[in-house]
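In case you want the letters, here they are:
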Amino acid sequence: MITAAMPRRSASSPLASLFAALSVHLGGEAEPLAPLEEAAIARVVEQARAGDTGARETLYVQHVDRVFRAVRGMLRSDADAEDVTQDAMLTVLTSLHKYTPRADARFAAWVMTIAVNTARRRFRRRRVQLTATGELPEIPAEGPDPADGLDRGRRRRALLIALAELPERERVIVSLRYGAELNASDIGAALGIEPATIRKVLERARTRLGTRIEALLTPDGGMS
Amino acid sequence: MNDEELAIDWTTLQPTVRQRRRIDAHVFAWLEARDTPLAAEWLGLFRVAPFSAVGLIAVSAVAIATATPLAWLARVLM
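### Considerations on the overall build of chain A
So, step 1. Secondary structure summary: chain A contains nine helices and zero strands in total.
So, step 2. Beginning at the N terminus, the succession of helices and strands in chain A can be written as α-α-α-α-α-α-α-α-α.
So, step 3. Per-residue burial over chain A gives 50% buried out of 224 residues.
So, step 4. Across chain A, contacts joining residues at least 24 apart in sequence account for 69% of those joining residues at least 6 apart.
So, step 5. Here chain A displays about 10,900 Å² of accessible surface, and carbon together with sulfur accounts for 52% of that area.

### Comments concerning the packing of aromatic side chains
So, step 1. The full count for this structure, using the stated rule, is five aromatic pairs over all chains.
So, step 2. When the centroid spacing of 5.1 Å and the interplanar angle of 50° are considered together, the rings of A:Tyr99 and A:Trp110 count as tilted. In this pair, A:Tyr99 is assigned in the loop between helix 4 (78–94) and helix 5 (107–122) and A:Trp110 in helix 5, connecting sequence segments 11 residues apart. In terms of burial, A:Tyr99 and A:Trp110 fall into one category: buried.
So, step 3. Their ring planes at 25° and their centres at 5.7 Å tell us that A:Tyr178 and B:Trp10 sit as a pair that is stacked. Placement of the pair is A:Tyr178 in helix 7 (residues 168–179) and B:Trp10 in helix 1 (residues 3–10), with the two residues belonging to separate chains.
So, step 4. Judged by its relative accessible area of 0%, B:Trp10 falls in the buried class.
So, step 5. Site record: aromatic cluster; members linked through ring pairs are A:Tyr99, A:Phe107 and A:Trp110.

### Things to note about unusual backbone geometry
Residue and element names in this part refer to chain A.
So, step 1. A positive phi is found at Glu181, a non-glycine position, where the angle reads about 60°.
So, step 2. Mapping Glu181 onto the fold places it in the loop between helix 7 and helix 8 (184–191).
So, step 3. Residue Glu181 is classed as buried on the basis of its relative accessible area of 10%.

### Focus: the interface of chain A and chain B
Think of interface size as the accessible area that goes away when the parts come together; that is how it is often given.
So, step 1. Residue-level contacts link 47 residues of chain A with 31 residues of chain B.
So, step 2. Buried surface at the junction of chain A and chain B, summed over both partners, amounts to about 3,900 Å²; 62% is from carbon and sulfur atoms.
So, step 3. Connecting chain A to chain B are five salt bridges.
So, step 4. Seen at the junction of chain A and chain B, the total is 13 residue pairs in polar contact (both at pLDDT 80 or more).
So, step 5. Looking at the side of chain A that touches chain B, the elements with two or more residues in it are helix 1 (14–25), helix 3 (53–74), helix 4, helix 6 (146–164), helix 7 and helix 9 (195–217) of chain A.

### A short note on the packing of helix 4 of chain A against helix 5 of chain A
For any two helices packed against each other, one specifies the crossing angle of their axes together with the interaxial distance.
All names here are of chain A.
So, step 1. Axis separation between helix 4 and helix 5 bottoms out at 9 Å; the angle between their running directions is 130°. Viewed along their axes, helix 4 and helix 5 adopt a mutual orientation that is oblique. Considering the relative orientation of helix 4 and helix 5, their crossing is right-handed. Seen from helix 4, the contacting residues are Asp83, Val84, Asp87, Ala88, Thr91 and Val92; seen from helix 5, they are Phe107, Trp110, Val111, Ile114, Ala115, Thr118, Ala119 and Arg122.

### Details of the nonpolar core
So, step 1. Among the nonpolar cores identified, the biggest contains 67 residues, and A:Leu59, A:Tyr60, A:Phe107, A:Met112, A:Val174, A:Leu176 and B:Trp10 are the most heavily contacted of them.
So, step 2. If one sorts the elements of this core by residue count, helix 3 of chain A sits on top with 10 residues.
So, step 3. In this structure A:Tyr60 touches A:Met89, A:Leu93, B:Arg20, B:Ile23, B:Asp24, B:Val27 and B:Phe28, once residues within four positions along its chain are discounted.

### Regarding the pattern of salt bridges
So, step 1. The tally for this structure, following the rule as stated, stands at 18 salt bridges over all chains.
So, step 2. For A:Arg76, the salt bridge is made with A:Asp80, and the minimal N-O distance between the two is 3.8 Å.
So, step 3. You can call A:Arg76 partly exposed: its relative accessible area is 35%.
So, step 4. B:Asp3 is paired through a salt bridge with A:Arg206; the nearest N and O atoms lie 2.9 Å apart. A residue pair is termed interchain when its members come from two chains, as with B:Asp3 in helix 1 and A:Arg206 in helix 9.
So, step 5. Accessibility expressed as a relative area gives 26% for B:Asp3, which makes it partly exposed.
So, step 6. Overall, A:Arg206 belongs to the buried group, its relative accessible area being 15%.

### Section: the confidence of the model for chain A
Low pLDDT means the predicted coordinates in that region are not meant to be read closely.
All names here are of chain A.
So, step 1. For chain A, per-residue confidence averages 79 on the pLDDT scale, and residues scoring 70 or more make up 72% of the total.
So, step 2. Taken element by element, chain A is modelled with least confidence in helix 1, mean pLDDT 49, and with most confidence in helix 4, mean pLDDT 95.
So, step 3. Low pLDDT, under 50, characterises residues 128–144; the predicted model gives this stretch 33 contacts beyond four residues in sequence or across chains.

### Comments concerning the packing of helix 3 of chain A against helix 5 of chain A
All names here are of chain A.
So, step 1. At a minimum axis distance of 10 Å, the contact between helix 3 and helix 5 shows a crossing angle of 45°. Accordingly, the angle class assigned to the pair helix 3 and helix 5 is oblique. Relative to helix 5, the crossing made by helix 3 is right-handed. Contacts from Leu59, His63, Arg66, Val67, Ala70, Val71 and Met74 in helix 3 reach Phe107, Ala108, Val111, Met112, Ala115 and Val116 in helix 5.
So, step 2. Of the residues assigned to the contact of helix 3 with helix 5, the class counts are 11 nonpolar, one polar and one charged.

Rules and cut-offs
Residues numbered from 1 in each chain as written. Chains lettered and ligands numbered in written order. Predicted model: local features only at pLDDT ≥ 70, side-chain atom pairs only at ≥ 80, totals over all residues. Heavy atoms only, no water. Helix = DSSP H or I, 4+ residues; strand = E, 2+ residues; numbered from the N terminus. Buried < 20%, exposed > 50% of the residue type's maximum accessible area, 1.4 Å probe, protein only. Contact = heavy atoms within 4.5 Å. Areas by Shrake-Rupley, 256 points an atom, 1.4 Å probe, with all protein chains shown as cover. Phe/Tyr/Trp six-rings, centres within 6.5 Å; stacked < 30°, edge-to-face > 60°. Buried area = accessible area lost by both parts, 1.4 Å probe. Salt bridge = Lys/Arg side-chain N within 4 Å of Asp/Glu carboxyl O. Polar contact = N/O pair within 3.5 Å; in protein donor to acceptor, adjacent residues only side chain to side chain. Axes fitted to C-alpha atoms, helices over the stretch in contact; angles between N-to-C directions. Parallel < 35°, antiparallel > 145°, perpendicular 65-115°, else oblique. Left-handed = near helix turned anticlockwise from the far one by under 90°. Core = buried A, V, L, I, M, F, W, Y, C linked by side-chain atoms within 4.5 Å. pLDDT = per-residue confidence, 0-100. Nonpolar A, V, L, I, M, F, W, Y, C, P; charged D, E, K, R; others polar.

What follows is the structure in structure tokens.
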């Protein structure tokens with residue numbers, strides 16, 4: 001369980017999610033919602049399929065940040081991640097009638113299959129790779145506590161550089177693990193790979209990422 | 001670096017409020033347009049700009065009424 005990535009507030013009804021979404025529209029803070037249980041997601045999917053727009057918005061709010069975090073790990077810029085997130089979420093919300101529940105994978109796995117396919121389709125002709133001089137993170141240069149912001153920005157940049165150096169398959173798999181918070185079975189279902197293989201790849205990628213990030217964050221690592 | 005530390009680092013890839021707002025605006029606008037029937041679009045146009053709506057309808061009607069005979073005439077002349 002990834003406790004640090006877990007959101008703070010719970011949304012028990014489509015209405016609560018709708019208010020959260022409207023709050024973002026009106027300029028409030030984008031507070032992530034607690035993820036719903038799979039059974040609740042299944043009910044919301046059924047309601048959304050029946051034309052309930054509140055249910056559709058609940059599905060959107062439940063998955064949009066995960067999709068963004070996952071595709072941001074795969075792609076080379078924030079702008080690309082925004083575009084792919086928009087397209088993927090639209091495809092999800094307009095293709096719910098095609099979704100077939102599976103015993104071995106959660107709804108989120110289906111969402112991420114669409115997100116990965118959207119990213120691949122969009123950048124088929126372009127090499128999906130970050131560069132070591134990738135975009136600087138969107139953090140204020142000066143703020144109430146610059147040290148916190150700078151440290152977060154450095155860690156973000158180190159993560160993006162380390163990700164850029166991974167082979168594409170490993171990058172996609174770790175992005176689904178940590179960005180989308182999927183487990184090995186879900187990732188396997190999303191990519192059509194055996195969960196055992198996913199676990200091996202994850203272990204290898206985690207070691208490589210960790211070593212590289214720590215090297216980058218040392219005083220001589222070029223990130224200070 | 002363990003599983004949890006990497007998960008914490010990954011939270012730095014969370015979209016900013018500005019990014020989320022842009023994504024939300026695009027998705028909701030597209031869904032709203034998809035959900036709105038054509039008749040409702042026309043009614044909305046009448047409410048916002050009644051004269052323009054009447055003008056648009058008049059131009060459309062004239063175009064539809066004249067397109068067929070004009071196409072026939074063009075074929076005959078060629």
